[in-house]
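Below are the chains, spelled out letter by letter.
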Amino acid sequence: MKKTIIFLIILLLNTYVFAEDFKITHGPYLCNPTEDGISIVWTTNRPAVSWVEIAPDDGSHFYAKEREAHYITQAGRKLATETLHHVRLENLIPGQKYMYRVLSQEVTEWESRNNIKFGKMADTDVYRGKPLGFKMIDKGAKELTFLVLNDIHSKASFMKEICKDVNFNEIDLIFLNGDMSSYIESEEQLFKDYIDTLVTMGASRIPLVYVRGNHETRGRFSHQLINYFPTKNKEFYQSFKCGNVNFLMLDCGEDKPDSDIAYLGLADYDAYREKQALWLKDIVETPEFKNASQRIVFSHMPLVGNQLDLWHGNLHLQKTILPILNNANVQLTFSGHNHRYAYHPSKQGVANFPTLINDNQSYVICKVNDNTISVQIGGTGGVVRSFNID
Ligand SMILES: [Fe+2]
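Everything numeric here is computed off the predicted structure, so don't read it as measured data.

K.L.:
I'd love a proper account of the coordination of the iron ion, names of residues and values included.
P.N.:
The protein atoms that coordinate the iron ion are Asp 179 (OD), Asn 214 (OD1), His 300 (NE2) and His 337 (ND1), at distances spanning 2.1 to 2.3 Å. Considering all four donor atoms around the iron ion, angles at the metal cover 90 to 171 degrees and the coordination shape is irregular. Mapping the donors of the iron ion onto the primary sequence yields the spacing D-x34-N-x85-H-x36-H. Of this pair, Asp 179 sits in the loop between strand S11 (173–177) and helix H3 (187–203) while Asn 214 sits in the loop between strand S12 (208–211) and helix H4 (225–228), placing them 35 residues apart in sequence. Among the residues examined, Asp 179 registers a relative accessible area of 1% and is labelled buried. Residue Asn 214 is classed as buried on the basis of its relative accessible area of 0%.

K.L.:
Before we move on, could you go through the domain arrangement of the chain and cite the residues and values that matter?
P.N.:
In terms of domains, the chain is made up of domain 1 (21–135) and domain 2 (143–388). Centre-to-centre, using C-alpha coordinates, domain 1 lies 28 Å away from domain 2. At the interface, 22 residues of domain 1 touch 24 residues of domain 2. Contact with domain 2 buries surface across domain 1, with His 26, Tyr 29 and Pro 33 losing the most and accounting together for 33% of the total. Seen at the junction of domain 1 and domain 2, the total is one salt bridge. In this structure, Lys 232 engages Glu 90 in a salt bridge whose closest nitrogen and oxygen atoms are separated by 3.9 Å. In this structure, the connection of domain 1 to domain 2 is made through nine residue pairs in polar contact (both at pLDDT 80 or more). At the level of elements, strand S1 (24–31), strand S2 (38–56), strand S6 (82–89) and strand S9 (132–135) are the ones that each hand at least two residues to the side of domain 1 that touches domain 2. The biggest single contributor to the side of domain 1 that touches domain 2 is S1, with six residues.

K.L.:
Hey, could you go over the nonpolar core for me, with residue numbers and the actual values?
P.N.:
Within the largest apolar cluster, 63 residues are counted, with the highest numbers of intra-cluster contacts made by Tyr 29, Leu 147, Leu 149, Leu 176, Tyr 194, Phe 229 and Leu 325. Tallying contributions element by element places H3 first for this core, with eight residues. Two domains each donate at least three residues to this core, and these are domain 1 (21–135) and domain 2 (143–388). Residues contacting Leu 149, with those up to four places away along its chain left out, are Met 159, Ile 162, Cys 163, Ile 174, Phe 175, Leu 176, Asn 177, Met 180, Leu 198 and Tyr 363. By size, the runner-up hydrophobic cluster in this structure holds 26 residues, among which are Val 148, Val 209, Val 245 and Phe 247.

K.L.:
Which residues make up the pairing of strand S21 (residues 382–388), and what are the values?
P.N.:
As paired elements, strand S20 (residues 373–379) and S21 share six bridges and run antiparallel to each other. Looking across to S21, one finds that Gly 378 is bridged to Val 383. In this antiparallel pair of consecutive strands, S20 and S21, the connection spans two residues.

K.L.:
Kindly report on the sheet that holds strand S15 (residues 294–298), identifying the contributing residues and their values.
P.N.:
In space, the six strands of this open sheet follow the order S13-S14-S15-S16-S18-S17, with mixed pairing throughout. In this open sheet, the two edge strands, each paired with only one partner strand, are strand S13 (238–242) and strand S17 (342–344). Direction aside, neighbouring strands of the sheet carry axes that sit 15 degrees apart on average. When S15 meets strand S16 (residues 332–335), the two strands line up parallel, connected through three bridges. Looking across to S16, one finds that Phe 298 is bridged to Phe 334.

Rules of the game
Residues numbered from 1 in each chain as written. Predicted model: local features only at pLDDT ≥ 70, side-chain atom pairs only at ≥ 80, totals over all residues. Heavy atoms only, no water. Donors = N, O, S within 2.8 Å, 3.2 Å for Na, K, Ca; no water. Tetrahedral: all angles 85-135°; square planar, octahedral: opposite > 155°, others 65-115°. Helix = DSSP H or I, 4+ residues; strand = E, 2+ residues; numbered from the N terminus. Buried < 20%, exposed > 50% of the residue type's maximum accessible area, 1.4 Å probe, protein only. Domains from an automatic or database assignment. Contact = heavy atoms within 4.5 Å. Buried area = accessible area lost by both parts, 1.4 Å probe. Salt bridge = Lys/Arg side-chain N within 4 Å of Asp/Glu carboxyl O. Polar contact = N/O pair within 3.5 Å; in protein donor to acceptor, adjacent residues only side chain to side chain. Core = buried A, V, L, I, M, F, W, Y, C linked by side-chain atoms within 4.5 Å. Pairing = 2+ DSSP bridges. Axes fitted to C-alpha atoms, helices over the stretch in contact; angles between N-to-C directions.

Structure follows, in structure tokens:
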């Protein structure tokens, strides 16, 4: 009996005295940019009601006045049971600079009906330091600069190392072109694999554009990935316009046939690619896509290559997606997956657009304007290639 009482006292002390302070544990980071919208994602160590305060970055102090608050709601009610928080901001002004802070208030108890209790608040700093912020890309932007990373396979510190010479002040967007993780088993792993490091590299200010790789379909937590890179249609395949450029992100699915033992009987990617092709047929007919000055595609797995590199997934992409892209006036496709650099120029009868396959040791910086697309490829040894796309 005595032992039980001592055990209970220790348990209570652990719970109430030594409990970790309520805090923001990961992020915030920006993702899913569109012409007039952006998403902000972060996590807390315990459930909370969360929101973002935002204001034009007009030189005034964040505390100059009450700032516009955007709560995380579902069907009109603020969410109060989650630790992963995602605010979607819409109707932003292209070209405008914004400052923001994220805030969460802990929900300490909600046992039944009206018995909700709130605790401490946590926020990002707007008092001592400069508030976090971002710049919406102007509709008439003459030039865009974006960074492409792929096949990092959970090596976060290596990712940072290969980007040591990148000037992130010049980067408008960061594309993650697949296989950032090898498997996805938990939330903690996702942050450790690359997201936390990207936040230290600038992802609180530069939007991440996530393109799923085949490895990110694997692991028991992989079906949750979309919640960390939320999209409007809840699919990984997306299209959006920034400045005069239309970006198209494809979801390549898996590389081997769906029936392969590696997929544990869970793969259904042939049907998924066919569904995606129907979506793509409509997208390439939209005015946003057709009227862009440049159309740039991302597909983790290449649609072209040497015969030995073309597995079932690539060949199925050739069958379902490639004929649509071949008639869509595409200027360039970025791929990865092979862990080897290759550049395949546009070739009539194969692919009517060039494909740049980045290796797993390099970043690509791409500058694009109405007339030119130039790329610079570098890594730990500095810049290794620099050329204009034909
Ligand atoms: Fe891959």
